[in-house]
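# Observations on chain architecture
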Amino acid sequence: MTAAQPGPAFSDAAPIVTIFGGSGFVGRYVTQRMAQAGWRVRVAVRRPNEALFVRQYGVVGQVEPMQANVRDDESCRRAVEGADAVVYCVGVLAQAGKNTFKAVQALGPERVARLAAALGVGRFVLISAIGADQGSPAEYARTKAAGERATLQHFPKAVILRPSIVFGAEDEFFNRFAGMARLSPALPVVGAATKFQPVYVGDVAQAVEKALTGVAEPGETYELGGPRAATFRELMELMLGIIRRKRMIVDIPIPIAKVQGYAFEQIARLGIAPPMTLDQVKMLARDNVVGPKAKKLADLGIAPTAMEAVLPDYLYAYRPRGQFDRGADAPQP
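These notes cover the structure that comes with them. Note that the structure is predicted; figures quoted are calculated from it, not measured. Position numbers for residues count from 1 along each chain, tracking the sequence in the order it is written. This being a predicted model, a pLDDT of at least 70 is required before a residue's local features are given, and a value of 80 or more before pairs of side-chain atoms are given or counted; all residues contribute to the totals for chains, interfaces and linings. Side-chain measures were taken over the full set of non-hydrogen atoms in the model, leaving aside hydrogen atoms and water.

What follows concerns the packing of aromatic side chains. Ring pairs are drawn from Phe, Tyr and Trp, using the six-membered ring of Trp, whenever the two centres fall within 6.5 Å, and their geometry is named by plane angle: stacked under 30 degrees, edge-to-face over 60, tilted for the rest. Across all of its chains, the model carries 13 aromatic pairs by this definition. Where Phe124 meets Phe155, the ring centres are 5.6 Å apart and the plane angle is 40 degrees; that geometry is what we call tilted. With Phe124 in strand S5 (residues 123-127) and Phe155 in the loop between helix H4 (139-154) and strand S6 (159-163), this pair connects stretches of sequence that are 31 residues apart. Taken individually, Phe124 and Phe155 each receive the classification buried, so the pair is uniform in this respect. For the pair Phe196 and Phe232, a centre-to-centre distance of 5.6 Å together with 80 degrees between the ring planes defines the contact as edge-to-face. Here Phe196, found in strand S9 (residues 195-196), pairs with Phe232, found in helix H7 (residues 232-243); they are 36 residues apart in sequence, far enough to count as distant. Across this residue pair, the class does not change: Phe196 and Phe232 are buried. One aromatic cluster is present, built from ring pairs that chain together Phe167, Phe173, Phe174, Phe177, Phe196, Tyr200 and Phe232. Helix numbering and strand numbering both begin at the N terminus, where a helix is a DSSP run of H or I of at least 4 residues and a strand a DSSP run of E of at least 2. We call a residue buried when its accessible area falls under 20% of the maximum for its residue type, exposed when it is over 50%, and partly exposed in between, using a 1.4 Å probe and counting protein chains only.

Here we come to unusual backbone geometry. Located in the positive-phi region is Arg244, a residue other than glycine, with phi close to 60 degrees. Inspection of the secondary structure assignment puts Arg244 in the loop between H7 and strand S13 (248-252). Its relative accessible area of 11% is what places Arg244 among the buried residues.

Function cannot be inferred from these measures alone, as they are strictly geometric.
Structure follows, in structure tokens:
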């Protein structure tokens, strides 16, 4: 992600937004978007020294990282105090240490929403996920649902945004599998028939801006997806076509994947990062698409961006000759 172009004139009278997780994949796009819109931006993160790069998204003094831990009341209070709006976009795909699903995705939003309401914050946006469901077999989805409920309990006018898989230059989905395809003759896929509706990270950031500027309806939930849904296998085929590599796509049945996920979780206790967890397998067993009756990007006046318009811009690096492999007739080894 490159430095932002200067937006509207910035002044001390500009509204303040605190973005929890504002240096992460989605958060940095939200940060840049709000800076371009002329807001003063606080980027609330655990380690501010590792988030200094966000300053380049605005003019001097407009964007500043500050220390806040979503497990701690006092640091969150300092980050929220004086803000006109708050965005919560902290989440984890795998639990590690104290950063459990419950702590980050259920108790974290509850804490920040409670403090925001008590301190008189005007608007609150929670980035959740499609599939958030208190009855889900996956703890990830259950804690996302718990975070939504707690947020609305304290801040009834909060806007909930539920994206499907989010793609963009720094994503951990297409980049991960493209990296695997560069090294392996086969791509193992759990739940090849499961459907997803990938949404561009820039569209998610735009949806946040719409919510913070009053376009979204207070207290409503929006499900964010791209122009089309596709199966996991179809997404891998699209990715392979873009990086110009021929690879076998191996479908791993869910029952077998559950055994593997459980085994990986046991290995993770030794401090080794697991390539897949049992909870992730449970999520992959369910479609992850925008519901037929859900409010969506179009209801916010946003035309969703197609994968084909963005993926080649960063996946070219995984082609056989990388940045030099841009010709349409390049071979597919």
